[in-house]
Amino acid sequence: MSKSAILSSSIAKKWWMSLTGLFLCLFLVGHLLGNLQIIFFSGDEGQRVFNEYAYFMTHNPLIKLLSYLTYFSILFHAVDGIILTFQNKRARPIKYAYSKPQKNSSTPSRYMAILGSAILIFIIMHMSNFWGVMHFDKNMPLHTKNLVRPDSSYQKLYLTTNGTFLPVEQVEINNKTELIDKELNLKIGEGYKDLHSLTVSFFGHNKTNKGFPPNKYAYLAVILYVFSMAVLSFHLWHGFNSAFQTLGISHEKYNSALSLFGKIFSVLVPLAFASIPITIFLTK
Amino acid sequence: MKLKLKVWRQKNRKEKGKLETYSLDNVSEHMSFLEMMDVLNEQLINDGVEPVAFDHDCREGICGMCSMYINGQPHGPDRGVTTCQLHMRKFNDGDTIYIEPFRAKGFPIVKDLVVDRGAFDRIQRAGGFISVNTSGNTQDANLTPVPKKDADKAFDAATCIGCGACVASCKNASAMLFVSAKVSQYSLLPQGKVEAKRRVLNMVEQMDKEGFGNCTNTGACHVECPKEISLENIARMNREFLKASITSEK
Amino acid sequence: MTALDSKIPEGPIKEKWTNHKNKINVVNPANKRLIDVIVVGTGLAGASASASLAEMGYNVKAFCFQDTPRRAHSIAAQGGINAAKNYQNDGDSVYRLFYDTVKGGDYRAREANVYRLAEVSANIIDQCVAQGVPFARDYGGLLDNRSFGGVLVSRTFYAKGQTGQQLLLGAYSAMNRQIGKGKIQMYSRHEMLELVKINGKARGIIARNLITGELERHSAHAVVIASGGYGNVFFLSTNAMGSNVTAAWRIHKKGAFFANPCYTQIHPTCIPRSGDYQSKLTLMSESLRNDGRIWVPKNKEDVIDIREGKKKPTDLSEEERDYYLERRYPAFGNLVPRDVASRAAKERCDAGFGVNETGEAVYLDFASAIFRYGKEKATINNEREASKERIIELGEEVIKAKYGNLFQMYWKITDENPYKTPMMIYPAVHYTMGGVWVDYNLMTTIPGCYAAGEANFSDHGANRLGASALMQGLADGYFVLPYTIGDYLADDIRTGKIPVETKEFEEAEAGVKARLEGFVNKKGTKSVDHFHRRLGKVMWNKVGMARNEKGLKEAIKEIQQIREEFHKEVMVPGGAYEFNPELEKAARVEDFIELGELFAKDALHRTESCGGHFREESQTPEGEALRDDVNFSFTSAWEWKGVNSAPVLHKEILSFKDIELKQRSYK
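Presented here is an overview of the structure given in this document. (Residues numbered from 1 in each chain as written. Chains lettered and ligands numbered in written order. Predicted model: local features only at pLDDT ≥ 70, side-chain atom pairs only at ≥ 80, totals over all residues. Heavy atoms only, no water.)

### Quick notes on unusual backbone geometry
In step 1: Phi is positive for N185(A), which is not a glycine, with a value near 50°.
In step 2: Turning to its location among the elements, N185(A) is positioned in the loop between β5 (178–181) and β6 (186–190).
In step 3: Positive phi, normally seen in glycine, also occurs at R59(B), with a value near 55°. (Helix = DSSP H or I, 4+ residues; strand = E, 2+ residues; numbered from the N terminus.)

Written as structure tokens, this is what we have:
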């Protein structure tokens, strides 16, 4: 009984929704703190910090584990959500001819599946725009820095993971990030993928000098991003507190504080996320 | 007042139903909704039309038998009342009123507005009790003190009348509020703690079997509940279920 | 006219029940498995009996007409349940409860039964607490009590204003446990329409499946009728719409005597009638009389101004109000028994002091209680300087905690805020003390046929005290019937399953079939409710709170006329073999009409006043009920002789050995 209860009962399905959902909330916080570096650090320093961060996020084994957990959570949250939605539809085969649900429940609470689906589409697009390009685009440029010589000519340098710079013309790139000395044919370091410039160019900054074409539709990207964050906000508005209710974490002494925290969280986090592309777009 | 009624008519479980329109004059605002239905039926009988079948019994809001979905809400627009306590003063002259049965897979239609809520009984049978036989030698009632707060909360949960408005109002037709009210009542009282694990596991299992939807915490059930049963009960049941399913031997 | 044997055990009253239990036959556990018992009705008595019998090992078949056993009308009982626990240290005892009940019943109850009731009352509370019934508790975690009409101690256990609900759900849960185990087969939405007798013994019933309309035969070694009271004979009552006399009346027509039909309780605190469309009356718990004060204006001018809306009740000063219960009954005040309070309200309204448009309402005022509680609360909160408004606010909170659901109910129904303006109340039919005659074992005059709870007549005499109905229902079901039924069933251990393919079952089913088809084929012109309303009017006007010879004779004629018209003119739409609520009503109303006639005949025969039965010819100079112990110290048990034949009266002489007969006084 209890074995099947954990796996298949209606309540257990909801726990998994809550647990994955709350984990994704944690992920959001982490993701947000990382992303905010893009607007809090400027210039070369900003680029370096962000790309180093991106490198760390893709290479640290613990983070890797967390990222797999995140992918799993997203998938599980989505699949479980779809199963629940279909079950719920089946629970009322004949609909009411006339219904006034707005009289008894908040709008976000009734549209979680739609909001969630929109977020899933956003995640797919978001990942193909950044994560996908970064991982799979053969031409993903590496972090470069323009060194201005005293004669005002430029020299393009690659930043390596051991903190040194290598002139571009001296190296060849192997396996996406390995910097190979052309003459010695020897690996002399590892470059950073330039996620920073990818992001900045995506939301409107011209980064042609870094190897990124200008994005004609940057305004659209910003609008869609902001819209998606609004959707996320609605999803969290109900989802955050709902998760605690489902896990049975409810106590009259703390409920109102928790509820307030949930509301603040659900507004603040998406708002902060949305501020990033807007800032990039505006500070051209 | 004059009213236009759109009433769901369905001969029996198998046949298809549809909304029929009736008009009714001379409705007093002091009538209860069911008295208005009585007037409609009296009129239909006189016109040679079969009267509308609807469930009702005590007509004072406690038996839980009346069960209409009125203008998009179970038990109609008023709060904290059953259909029998809903009065026509909540409506205006010339209104069109939609009257439908409670709809859920777990509540098949019997006829017109009458539904079969036997699923609730079956859930209760699965564990909604304390296993104590009738005995002239039960321990004295005051031997085990119960904190007033717990007793009051148990009572609040126990005021559920089993009408099914929670299921009817829920967009998922979930029965969680009903089931959690019973689970809560017993889990709050020392007498009920002995069987707490078995009870919550069995009742939830039966609830799932009956084809009710899942709780997505919209809170509609609590708002529409004529006894205003608290959502805290659902949280408590979730907690009890978690505890039980992890630690139960079975 | 023959004397009835009530089978009261020998010995002193305190030992009767114990001795009886020790001496009666018991069925051994293995044999209980071979015995079937039918229980009709799933209220407090039926549910508790079903559960207890099943726990003991009998195979129980339980029937109710509602969609689930939990909806039986016991659920609507509000105030509480009495038990001689003496938790409040106010000198309560089994004897005092026994004494209060006999006195409250105006000395028309059977002493031995009442004593037994008082004896097992304490067990009921223990049993219910063990079942998880959430009674009200105080801060120490112990059970709280309140006081009810007609007694001078606090012995009423309660769960806010929903005690009946909580007790019924307790019994229902006990039933559910047995249904889950397969020991009870539950037939909901089934109505018993006939008793089947084989060789003089009750051996089964014919029940109609209300969903499909099919008639079903069910056999058993004994049949228990726990189908409640017949207050709906008045059409308007506080009973549920479905509450009916049919099961009781069917066994009556098969040979069970019907006792004291005229003993009806008119409850003093109900919401007054508002119009002709009204389908039922709503009770406000008697517990309200703990804190509410009942009054009407002293001056007729004020009455007229109030009726015309020129004055509000709150405009009247203390001097302009007549707190007539406190005036007439200084010792008990607003807590006099129900019959006394009801008649006093009627007396004032008949004298022209009724405060609503119909002239049938008096005030129940909480203003002084709100102020008193508010002051107490302010002292507790250390708010010594609290303003009057603040005190009232605090007081309203206290009242809300005590009676919140009742106040809300009143507010919803009348659209008036009872915290701010006094409630309007008027008496309404509530409970029937009369019912199927049973002996000490709760067996009717048909062997193997039992009656329990409100359906029987046994414990309340001519008037029931508040919070005693729940006590009696559960006492019968949990603690009396399960023992006494064994005495009869001990002879049935070798009988084996009763077959239903017999002549007796066939005949009974054919009779029911003919009756139901008769209704649907009648094709008259008037709805069932039309006749029910008419019957109710006659009953209320002439067989209601006050009765006299002339009125009763007229009533009998009028009821007979209604019966004849009903048989010619009733229209039942739909068919017999489908879900057909109108058909259900038709069968019930036919039984009510027949009962109404017997009711009026019983009231006519009993020329004394006692308890709920008030004959205008028999009253004290102050207008109180005057008993005639010399001529009427007996229970009237009526035997059915056919629709057009006069019923035959059998008397059970009541002898009072442990209580001295006195004129009741609550002054």
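### Things to note about the interface of chain A and chain B
In step 1: Every contact between the two is made by 37 residues of chain A and, on the other side, 54 residues of chain B.
In step 2: Buried surface at the junction of chain A and chain B, summed over both partners, amounts to about 3,700 Å²; 54% is from carbon and sulfur atoms.
In step 3: Applying the counting rule to chain A against chain B returns two salt bridges.
In step 4: Of the charged contacts, one joins K149(B) and E252(A) as a salt bridge, the two residues approaching to 3.9 Å between their closest N and O atoms.
In step 5: The tally of links between chain A and chain B comes to 28 residue pairs in polar contact (both at pLDDT 80 or more).
In step 6: Breaking the side of chain A that touches chain B down by element, the ones donating at least two residues are α1 (2–8), α2 (10–40), α4 (61–90), α5 (107–110) and α8 (218–246) of chain A. (Contact = heavy atoms within 4.5 Å. Buried area = accessible area lost by both parts, 1.4 Å probe. Salt bridge = Lys/Arg side-chain N within 4 Å of Asp/Glu carboxyl O. Polar contact = N/O pair within 3.5 Å; in protein donor to acceptor, adjacent residues only side chain to side chain.)

### Notes on the sheet that holds strand β19 (residues 634–639) of chain C
Residue and element names in this part refer to chain C.
In step 1: Reading across from one edge, β17-β11-β19-β20 is the order of the four strands in this open sheet, with antiparallel pairing throughout. Bordering the open sheet on either side are β17 (435–436) and β20 (648–653), each of which pairs with just one other strand.
In step 2: The pairing of strand β11 (residues 258–259) with β19 spans two bridges and is antiparallel. Considered in β19, the bridge of A259 is made with A637.
In step 3: Sheet strands touched by helix α17 (residues 581–605): β11, β19 and β20. Its angle to β19, the strand with the most contacts, is close to 145°. (Pairing = 2+ DSSP bridges. Axes fitted to C-alpha atoms, helices over the stretch in contact; angles between N-to-C directions.)

### Here's the deal with the pattern of salt bridges
In step 1: In total, this model carries 87 salt bridges over all chains according to the counting rule given.
In step 2: Salt-bridge contacts for D78(B) lead to K90(B); the nearest nitrogen and oxygen are separated by 3.7 Å. Here D78(B), found in the loop between β4 (73–74) and β5 (96–101), pairs with K90(B), found in the loop between β4 and β5; they are twelve residues apart in sequence, far enough to count as distant.
In step 3: Here K90(B) falls in the partly exposed class, since its relative accessible area comes to 46%.
In step 4: Among the salt bridges present, the one from K553(C) reaches E549(C), with a minimum N-O distance of 2.6 Å. Of the two residues, K553(C) and E549(C) are both situated in helix α16 (residues 549–569); the distance of four residues between them amounts to about one turn of the helix.
In step 5: By relative accessible area, which is 42% here, K553(C) ends up partly exposed. (Buried < 20%, exposed > 50% of the residue type's maximum accessible area, 1.4 Å probe, protein only.)

### Here's the deal with the environment of R146(C)
All names here are of chain C.
In step 1: Note on placement: R146 falls in strand β4 (residues 145–146).
In step 2: Residues R146 and M56, spaced 90 residues apart in sequence, show a C-alpha to C-alpha distance of 34 Å.
In step 3: The residues touching R146, leaving out its near neighbours within four places in the chain, are G79, S154, R155, T156, Y158, K160, S287, N290, K402 and Y403.
In step 4: Looking at R146, its side chain comes within polar contact range of the main-chain oxygen of G79, at 3.0 Å.

### Comments concerning the sheet that holds β4(C)
Residues and elements named next belong to chain C.
In step 1: Strands sit in the order β3-β5-β4 across an open sheet of three strands; the sheet is antiparallel. Only two strands of the sheet have a single neighbouring strand rather than two, namely β3 (81–82) and β4.
In step 2: In this structure, β3 lies alongside strand β5 (residues 156–157), joined through two bridges in antiparallel fashion. Bridge pairing in β5 places N82 opposite T156.

### Remarks on the packing of helix α3 (residues 148–158) of chain B against helix α5 (residues 176–188) of chain B
All names here are of chain B.
In step 1: Contact geometry for α3 and α5: axes closest at 8 Å, N-to-C directions at 160°. Regarding the angle of α3 to α5, the classification is roughly antiparallel. Judged by the twist between their axes, the crossing of α3 over α5 is left-handed. From α3, D150, K153, A154, A157 and A158 reach across to α5, where they touch A181, S184, Q185 and L188. (Parallel < 35°, antiparallel > 145°, perpendicular 65-115°, else oblique. Left-handed = near helix turned anticlockwise from the far one by under 90°.)

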